[in-house]
Structure formats: C-alpha cells, structure tokens
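# Summary of structural features
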Amino acid sequence: MSLLSVQGLTVRYGPLEAVREVSFSLREGEALTLIGPNGAGKTSVLRGLLGLAQAEGKVFLDGEEVRGRSPEALLSRGLVLVPEGRALFPGLSVEDNLLLGGFTRFRRRENLRPDLERVYTLFPRLLERRRQPAGTLSGGEQQMLAIGRALMARPRLLLLDEPSLGLAPLMVQEIYRILGELKAQGTTLLLVEQNAKVALALADRGLVLEAGEVVLEGPAEALRQDPRVVEAYLGLS
Ligand code: ATP
C-alpha cells in the first residue's frame, strides 16, 4: 500500500488555478521529486495536500482519506514540511529551534535528547553552533537547521520545498548528501525543486510540473535522459 496517495489535486487562489488534477503516490522509503519552472505550482501541491491552501481532490495516508484534516493532525501522523524560506525563529538559539520541532511529541527537553543527538550527528555544524541565534547562521546552515527541526518531529514523510534555493553549489551538495543519508535510513521524501539535476540524482521517481499540470513523469533515471528534461531543466551541465 502507498504511504501517501494524492488523486486529482486542484489548488485555486481565487480565480487562479495554480494546480490542476495532479495525482501521484509514494511508497514507504521512496523519494519522489516534483520539478518544474518558477510558478509551475510545485509549492502549491505541497500546500494543497497539507491543507495549507484551499484544495480539491483526495489525499490518502496509509489508505485513509486525510484531506481536510488540520495541518497539525497531519504533522502528528508524520507528514512534516521543511518550508521554502525555512521559517526559523531567528532570535532563538539553534538548539531551541530544534527543540521546538520536537515539542509536538514531547514537552520535556530530556525526552528529546536522543533525537537531538541524532540531528547533531547528521549535522555536526549545528552542534558547534547550538547556542548561537538561528538568525546568525549562514543560508546553508539555516537550511540544515530547518531539516534538523523537521527531523525532531520524527517524520514518516519529509516534504521539502526547494532545499537548495539560494545556496552555493558546495552547500547544495552537502544538503543533498544528508538527504541521501536520510533516504538510506528509510525516510520517505517528497522533494520540490527547481534544481532538477540534484533532485533527479537523489530521487527514485520524478514528476515534471508545468503551468499547474503534470507533463511528464517516470523513474528519475529515465527523466534524466529524456531530451525534453535535458533541454528545459538540465542544460549542458
Ligand atoms: P516557485 O518555485 O516560484 O515557488 P512554484 O512552482 O512553487 O514556484 P507556486 O508557488 O505553487 O509555484 O505558485 C503557482 C502559481 O500560484 C503562481 O502563479 C503563483 O503566483 C500563484 N500563487 C501562489 N501562492 C499564491 C497565493 N497565496 N495567492 C495567489 N496566488 C498564488
């Protein structure tokens, strides 16, 4: 059975149809990427399926229809979003930002120790900077913190919105190395990216979204070699 299945998702902002009849599913442990140009509706797919934007269609989690449930209810069922722009608390320390990510499960700091240690093992840089205000971190470190905070909620499915956005190439590599590690540990990933190259290298399957609709889909390897994807998204690099 699929962990997540989305059927005929349509997202509207007033008269604007940002996403039209998008369908896909994800098995446990799988990584799926949604690629496409700016404004194609990728973020809106995430927002629509999480109930953060007005949507129509069906969303099944473990075979149970969940669309219409509150974002908090979905969070407690293991759907955890790492939003674009990261949405950290800049005045709070790195560690307090991480702890906030775990407070959906535990209110007491001591209970979150093992999770905190797991995050610090994945991101030693966050351990070094744990007492520093989040707002003083570099862009890449803030992305690490946003992922670390999401991990504190023990996601079954981690939804990431453009984790490479605005980062230097080396930092993009570092973030993707860690996403690869999470995938190897069994975390299911739904990855929205404009950087098709890195996303298709990590993912098992991909969907190409243009103007709110799926125009291509398939195994990531096949998409990487598809002339339409190469021309529009991979360039000559
Ligand atoms: P980006 O890479 O720029 O984030 P995207 O593929 O994620 O692009 P969306 O952010 O989902 O695209 O936007 C899809 C369309 O919906 C765009 O035309 C955008 O202007 C519009 N849109 C997004 N959010 C809103 C909103 N809150 N109100 C009105 N229109 C919106």
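Residues numbered from 1 in each chain as written. Predicted model: local features only at pLDDT ≥ 70, side-chain atom pairs only at ≥ 80, totals over all residues. Heavy atoms only, no water.

- Per an unreviewed UniProt entry, the protein chain goes by ATP-binding cassette domain-containing protein and derives from Thermus antranikianii.
- Entered under Sequence similarities (unreviewed entry) in the UniProt record, the comment concerning the protein chain runs "Belongs to the ABC transporter superfamily." (UniProt positions renumbered as here; feature names shortened; annotations may be inferred.)

## Quick notes on helix H6 (residues 139–151)
- Compared with an ideal rise of 1.5 Å per residue, which puts 13 residues at 18 Å, H6 spans 19 Å between its outermost C-alpha atoms and is within 8% of the ideal.
- Most of H6 sits inside the fold, with 12 of its 13 residues counted as buried.
- Residues of H6 that are buried include every one of Gly140, Glu141, Gln142, Gln143, Met144, Leu145, Ala146, Ile147, Gly148, Arg149, Ala150 and Leu151, and no others.
- Elements that come into contact with the buried residues of H6 comprise strand S6 (79–82), helix H3 (94–102), helix H4 (113–122), helix H5 (124–128), strand S7 (157–161) and helix H7 (169–184). (Helix = DSSP H or I, 4+ residues; strand = E, 2+ residues; numbered from the N terminus. Expected span 1.5 Å × (residues − 1). Buried < 20%, exposed > 50% of the residue type's maximum accessible area, 1.4 Å probe, protein only. Contact = heavy atoms within 4.5 Å.)

## Some details on the nonpolar core
- Ranked by internal contacts, the top residues of the largest apolar core, which has 49 residues, are Phe123, Ile147, Leu158 and Leu179.
- Among the elements that make up this core, the one with the highest residue count is H7 (seven residues).
- Contact partners of Ile147, with chain neighbours within four places excluded, come to Val82, Phe123, Leu160, Ile175, Leu179 and Leu182.
- Counting 30 residues, the second largest nonpolar core, distinct from the first, contains Ala40, Leu46, Val59 and Leu79. (Core = buried A, V, L, I, M, F, W, Y, C linked by side-chain atoms within 4.5 Å.)

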